[in-house]
Amino acid sequence: VCKMGRSNRLYIGHLSSRIRERDLEHEFGRYGRIRDVSIKQGFAFLEYDRSEDADYAIRKMDGVNLEGLRISVEYAKELPVRQAPKGGSGYRLVVENLSPYTSWQDLKDFARK
């Protein structure tokens with residue numbers, strides 16, 4: 001569990017299905033600059049640039065009624081570090097801004113060149 005001041009990534013639980021990214025940016029943006037928002041079904045992850053802003057947002061937003069539901073806001077749990085699969089290199093590559101028509105096979109072919 002993260003202690004105050006250590007993390008800038010939040011877990012937001014009990015979200016209405018009507019909540020959109022712009023809604024969270026509007027509600028949480030008043031507490032600091034948001035780096036990333038990722039909405040799932042019924043919950044979201046939100047990351048601030050600064051951990052102090054995350055601390056402030058937790059104090060202000062935990063238990064607030066949003067779209068008819070009382071949300072919970074807490075530090076996101078750290079993801080466990082996964083071991084590379086056997087035969088894997090142990091490296092991971094992130095590729096962004098691709099066409100939605102790009103397949104993983106296209107990427108694999110490109111990387112082999």
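My aim in this report is to walk through the structure given alongside it, one point at a time. (Residues numbered from 1 in each chain as written. Predicted model: local features only at pLDDT ≥ 70, side-chain atom pairs only at ≥ 80, totals over all residues. Heavy atoms only, no water.)

A few points about the overall build of the chain
Scanning the chain for helices and strands turns up three helices and six strands. Traced from its N-terminal end to its C-terminal end, the chain shows the element sequence β-α-β-β-α-β-β-β-α. Out of the 113 residues in the chain, the part that is buried amounts to 28%. Once local pairs closer than 6 in sequence are excluded, the contacts in the chain between residues at least 24 apart make up 61%. Carbon and sulfur atoms provide 49% of the accessible area of the chain, an area that totals close to 9,000 Å². (Helix = DSSP H or I, 4+ residues; strand = E, 2+ residues; numbered from the N terminus. Buried < 20%, exposed > 50% of the residue type's maximum accessible area, 1.4 Å probe, protein only. Contact = heavy atoms within 4.5 Å. Areas by Shrake-Rupley, 256 points an atom, 1.4 Å probe, with all protein chains shown as cover.)

Re the sheet that holds strand β1 (residues 9–13)
Pairing is antiparallel across the open sheet formed by four strands, whose spatial order is β2-β3-β1-β6. Strands with a single pairing partner mark the edges of an open sheet, and in this sheet they are β2 (34–39) and β6 (72–75). Here the average twist between neighbouring strands, direction ignored, is 20 degrees. Alignment of β1 against strand β3 (residues 43–48), held across five bridges, turns out to be antiparallel. (Pairing = 2+ DSSP bridges. Axes fitted to C-alpha atoms, helices over the stretch in contact; angles between N-to-C directions.)

Looking at helix α1 (residues 21–28)
For α1, the complete set of buried residues consists of Leu 24, Glu 27 and Phe 28. Buried positions in α1, seen along its axis, are confined to an arc of 85 degrees and lie on one side of it. Facing away from the buried surface of α1 by more than 90 degrees, the exposed residues are Arg 22 and His 26. Residues of α1 that are buried in the fold lie against β1, β2, β3, α2 (51–61), β4 (65–66) and β6. (Arc of directions from axis to C-beta.)

Concerning the packing of aromatic side chains
Within the structure shown, the criterion is met by four aromatic pairs. With a centroid separation of 5.2 Å and an interplanar angle of 85 degrees, the aromatic rings of Tyr 31 and Tyr 56 are classed as edge-to-face. Taken as a pair, Tyr 31 in the loop between α1 and β2 and Tyr 56 in helix α2 lie far apart in primary sequence, 25 residues in all. Note on Tyr 31: relative accessible area 12%, which makes it buried. For Tyr 56, a relative accessible area of 34% gives the class partly exposed. Pairwise contacts between aromatic rings join Tyr 11, Phe 43 and Phe 45 into one cluster. A cation over an aromatic ring shows up here: Arg 9 above the ring of Phe 45, its NZ or CZ 4.3 Å from the ring centre. (Phe/Tyr/Trp six-rings, centres within 6.5 Å; stacked < 30°, edge-to-face > 60°. Lys NZ or Arg CZ within 6 Å of the ring centre and 35° of its normal.)

Section: the pairing of β3
Relative to β3, β2 runs antiparallel, the two being bridged by five bridges. Counterpart to Ile 34 in the pairing with β3 is Tyr 48. Turn length for the β2-β3 hairpin, with the two strands adjacent in sequence and antiparallel, is three residues, and the turn residue Gly 42 shows positive phi of about 90 degrees.

Describing the side chain of Ser 7
Here Ser 7 is to be found in the segment before β1. Among the residues examined, Ser 7 registers a relative accessible area of 5% and is labelled buried. Of note is the side chain of Ser 7, whose polar atom sits 3.2 Å from the backbone nitrogen of Arg 9. (Polar contact = N/O pair within 3.5 Å; in protein donor to acceptor, adjacent residues only side chain to side chain.)

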